[in-house]
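Here is what each chain is made of, one letter per residue.
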Amino acid sequence: MKKHILVVPGDGIGQEVTAVGKKVLERIASKFGHEFTYDEALIGHAAIEATGNPLPEETLAKMKASDAVLFGAVGHPKYDNDPSAKVRPEQGLLKMRKELGLYANLRPIKLFDELLGASSIKPEILKGSDILFFRELTGDIYFGEKGRKNDGDTAYDLAEYSRFEVERIARKAFEAARTRRKKLCSVDKANVLETSRLWREVVQKIAPEYPDVEVEHQFVDAAAMMLIKDPRRFDVVVTANLFGDILTDEASQIAGSMGMLASASVGDSTGVYEPIHGSAHDITGKGVANPLASVLSAALLLDISFGLKEEADTIIAAVDQLLKDGFRTRDIADATTPADKILNTETAGQELLKRLG
Ligand SMILES: NC(=O)c1ccc[n+]([C@@H]2O[C@H](COP(=O)([O-])OP(=O)(O)OC[C@H]3O[C@@H](n4cnc5c(N)ncnc54)[C@H](O)[C@@H]3O)[C@@H](O)[C@H]2O)c1
Ligand SMILES: CC(C)[C@H](C(=O)O)[C@@H](O)C(=O)O
Ligand SMILES: [Mg+2]
């Protein structure tokens with residue numbers, strides 16, 4: 001198969017982990033006889049430094065022209081600590097999502113059995129957890145009008161959802177539930193927010209079209225609690241942009257680390273595949289970031305954008321074998337991990353390639 005992949009590493013550990021994700025794609029291409037071509041483009045702080053724009057037109061054009069995007073992360077401490085900065089790396093990420101129509105963000109919470117001990121949640125509570133989040137990605141408080149009034153002393157961010165936006169993400173979630181354990185949990189805050197009341201109304205209205213799927217509605221505060229108390233009660237979860245952002249960082253602890261969670265952003269055009277984590281300033285440049293979220297994002301890319309299920313499964317099996325062989329990056333290691341089994345970003349990539357064959 002011939003495909004063109006755009007690699008957009010972005011900032012901080014985005015650069016470090018995406019290099020490993022790309023190597024895995026290259027190995028898969030040679031192993032299975034595919035012809036993947038690659039290009040790179042700037043986004044975030046790196047793009048601001050080079051062009052003044054967090055999402056240069058050239059990057060956007062390259063994204064639209066590619067078959068899939070392997071993405072790293074954006075962000076820099078300079079902006080995090082300067083609330084007055086008008087141009088920010090995250091604007092590039094949000095504009096990309098909007099311009100490409102990436103309204104559905106799939107975040108699988110996949111727990112590898114070997115990592116049962118890596119979480120701070122008890123293994124008997126965790127074992128068998130397998131959740132697929134559908135986070136709405138182009139609406140909500142992220143994209144509504146925002147600003148200041150009263151001489152800057154009052155700030156506002158408007159949360160907005162249209163019926164159409166809720167319906168399209170809900171349908172994707174219902175369809176995914178059909179292929180899994182047939183349970184859908186819709187998470188909102190309908191006891192307080194009008195956007196959530198519309199959300200619940202839409203999900204209730206289309207639910208009869210999926211009679212084989214058992215639907216429940218939970219308020220976001222309760223859902224946050226249930227995720228930790230009993231993660232196995234969830235199969236597919238569908239929720240709004242902001243709730244999905246927060247709940248999936250929380251849910252990363254079910255999988256053991258932020259460094260294990262991949263995501264797929266899909267919708268109207270080119271799919272973008274990225275770890276859920278950020279640029280992680282605290283470990284940038286140390287070479288210790290866990291690259292497996294990027295590697296598992298590459299697997300999602302092959303599966304979802306190219307329909308290469310066997311190739312994707314080969315990557316997941318290699319990750320599984322790496323963990324079975326006792327290897328751990330620092331974030332998923334514990335007191336029982338022998339020193340010679342602790343990997344950095346680069347050696348994790350090397351060990352993984354050995355297991356890809
Ligand atoms: N999609 C994105 O590009 C994205 C996502 C989240 C945050 N950000 C940006 O990243 C910057 C840092 O944000 P943050 O610190 O809140 O979140 P973060 O996800 O970057 O890091 C949170 C914590 O998880 C750890 N961590 C994250 N990924 C890891 C990995 N692969 N291996 C090992 N440990 C890992 C970090 O060291 C840190 O302690 C901010 O500028 C933020 O805006 C970007
Ligand atoms: C960096 C930020 C804008 C982004 C988000 O909130 O969507 C990030 O946290 C994510 O999860 O991709
Ligand atoms: Mg986030």
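Note that the structure is a prediction, hence the values are computed from the model and not measured.

Here we look at the pairing of strand β6 (residues 146-149)
Next, step 1: Relative to strand β7 (residues 154-157), β6 runs antiparallel, the two sharing four bridges. Counterpart to Lys-149 in the pairing with β7 is Thr-154.
Next, step 2: Where β6 folds back on β7, the antiparallel hairpin that results is connected by four residues, among which Asn-150 adopts a positive phi of roughly 50°.

As for the UniProt feature "domain: Isopropylmalate dehydrogenase-like" (unreviewed entry) in the protein
Next, step 1: The residues that UniProt annotates with the feature "domain: Isopropylmalate dehydrogenase-like" (unreviewed entry) are residues 4-352.
Next, step 2: Segment residues 4-352 splits into 42% helix and 20% strand. End C-alpha atoms: 23 Å apart.

Topic: the site of ligand 1
Next, step 1: As a matter of local geometry, ligand 1 sits amid 22 residues, with Val-74, Glu-90, Gly-278, Ala-280 and Asp-282 nearest to it.
Next, step 2: Between ligand 1 and Ala-280 there is a distance of 2.8 Å, counted from an oxygen atom to a backbone nitrogen or oxygen.
Next, step 3: For ligand 1, the protein covers 72% of the area, taking 800 Å² as the surface of the free molecule.
Next, step 4: Its residues assigned to classes, the shell around ligand 1 shows nine nonpolar, eight polar and five charged.

Quick word on the site of ligand 2
Next, step 1: Close to ligand 2 lie Glu-90, Leu-93, Arg-97, Arg-107, Arg-135, Tyr-142, Asp-245 and Ile-276, which account for all nearby residues.
Next, step 2: Arg-97 has a polar side-chain atom sitting 2.7 Å from an oxygen atom of ligand 2.
Next, step 3: A distance of 2.9 Å separates an oxygen atom of ligand 2 from a polar atom in the side chain of Arg-107.
Next, step 4: In the complex, the protein chains occlude 77% of the 320 Å² of accessible area that ligand 2 would expose alone.
Next, step 5: A total of three residues in the shell around ligand 2 trace back to one element, the largest contributor, which is helix α5 (residues 89-99).
Next, step 6: Of the residues belonging to the shell around ligand 2, the class tally is three nonpolar, no polar and five charged.
Next, step 7: Split by domain, the residues of the shell around ligand 2 number at least three in each of domain 1 (1-106 + 260-357) and domain 2 (120-255).

A closer look at the sheet that holds strand β12 (residues 271-275)
Through backbone hydrogen bonds, the strands of a sheet pair up, either in parallel or in antiparallel fashion.
Next, step 1: Pairing in this open sheet of 10 strands is mixed, and the strands run β2-β1-β3-β12-β11-β4-β5-β10-β8-β9 from one edge to the other. This sheet does not close on itself; its edge strands, each paired only once, are β2 (35-40) and β9 (214-219). When strand polarity is set aside, the average angle formed by the axes of neighbouring strands in this sheet is 25°.
Next, step 2: Looking at chain direction, strand β3 (residues 68-73) and β12 are connected through three bridges and run parallel. Directly across from Ala-68, in β12, lies its bridge partner Gly-271.
Next, step 3: Here helix α9 (residues 220-229) sits on the sheet in contact with β5 (130-136), β8 (183-188) and β9, set at roughly 105° to β9.
Next, step 4: Set on the sheet, helix α10 (residues 241-255) makes contact with β4 (104-110), β5, β8 and β10 (236-239); between it and β5 the angle comes to about 160°.

Describing empty space enclosed by the protein
Next, step 1: Going through the model one piece at a time under the given rule, you end up with one cavity of 30 Å³ or more.
Next, step 2: Roughly 30 Å³ of volume is contained in the largest cavity.
Next, step 3: Together, Phe-133, Val-187, Ala-223, Leu-227, Phe-234, Val-237 and Leu-247 line the largest cavity.
Next, step 4: Of the residues in the lining of the largest cavity, the class split is seven nonpolar, no polar and no charged.

Some points on the packing of aromatic side chains
Next, step 1: In the structure shown here, the tally under the stated rule is four aromatic pairs.
Next, step 2: The positively charged end of Lys-22 is found above the aromatic ring belonging to Tyr-38, 5.0 Å away from the centroid.
Next, step 3: Above the plane of the ring of Phe-112 lies Lys-110, whose end atom (NZ or CZ) is 4.7 Å from the centre.

Observations concerning the environment of Asn-105
Next, step 1: Looking at the element boundaries, Asn-105 is found in strand β4.
Next, step 2: Asn-105 sits 158 residues away from Ser-263 along the chain, and the two C-alpha atoms are 6.7 Å apart.
Next, step 3: Among all residues touching Asn-105, those that are not within four sequence positions of it are Phe-133, Phe-134, Arg-135, Leu-137, Ser-263, Ala-264 and Ser-265.
Next, step 4: Among the polar contacts made by the side chain of Asn-105, one reaches the side chain of Ser-265 at a distance of 3.1 Å.

Rules of the game
Residues numbered from 1 in each chain as written. Chains lettered and ligands numbered in written order. Predicted model: local features only at pLDDT ≥ 70, side-chain atom pairs only at ≥ 80, totals over all residues. Heavy atoms only, no water. Pairing = 2+ DSSP bridges. Helix = DSSP H or I, 4+ residues; strand = E, 2+ residues; numbered from the N terminus. UniProt positions renumbered as here; feature names shortened; annotations may be inferred. Near = heavy atom within 4 Å. Polar contact = N/O pair within 3.5 Å; in protein donor to acceptor, adjacent residues only side chain to side chain. Areas by Shrake-Rupley, 256 points an atom, 1.4 Å probe, with all protein chains shown as cover. Nonpolar A, V, L, I, M, F, W, Y, C, P; charged D, E, K, R; others polar. Domains from an automatic or database assignment. Axes fitted to C-alpha atoms, helices over the stretch in contact; angles between N-to-C directions. Contact = heavy atoms within 4.5 Å. 1 Å grid on protein atoms, 1.4 Å probe; cavity = no way out; pocket = protein on both sides within 12 Å on 5 of 7 lines; lining within 4 Å. Points joined across faces, edges and corners; volume = space filled by probe spheres on them. Phe/Tyr/Trp six-rings, centres within 6.5 Å; stacked < 30°, edge-to-face > 60°. Lys NZ or Arg CZ within 6 Å of the ring centre and 35° of its normal.

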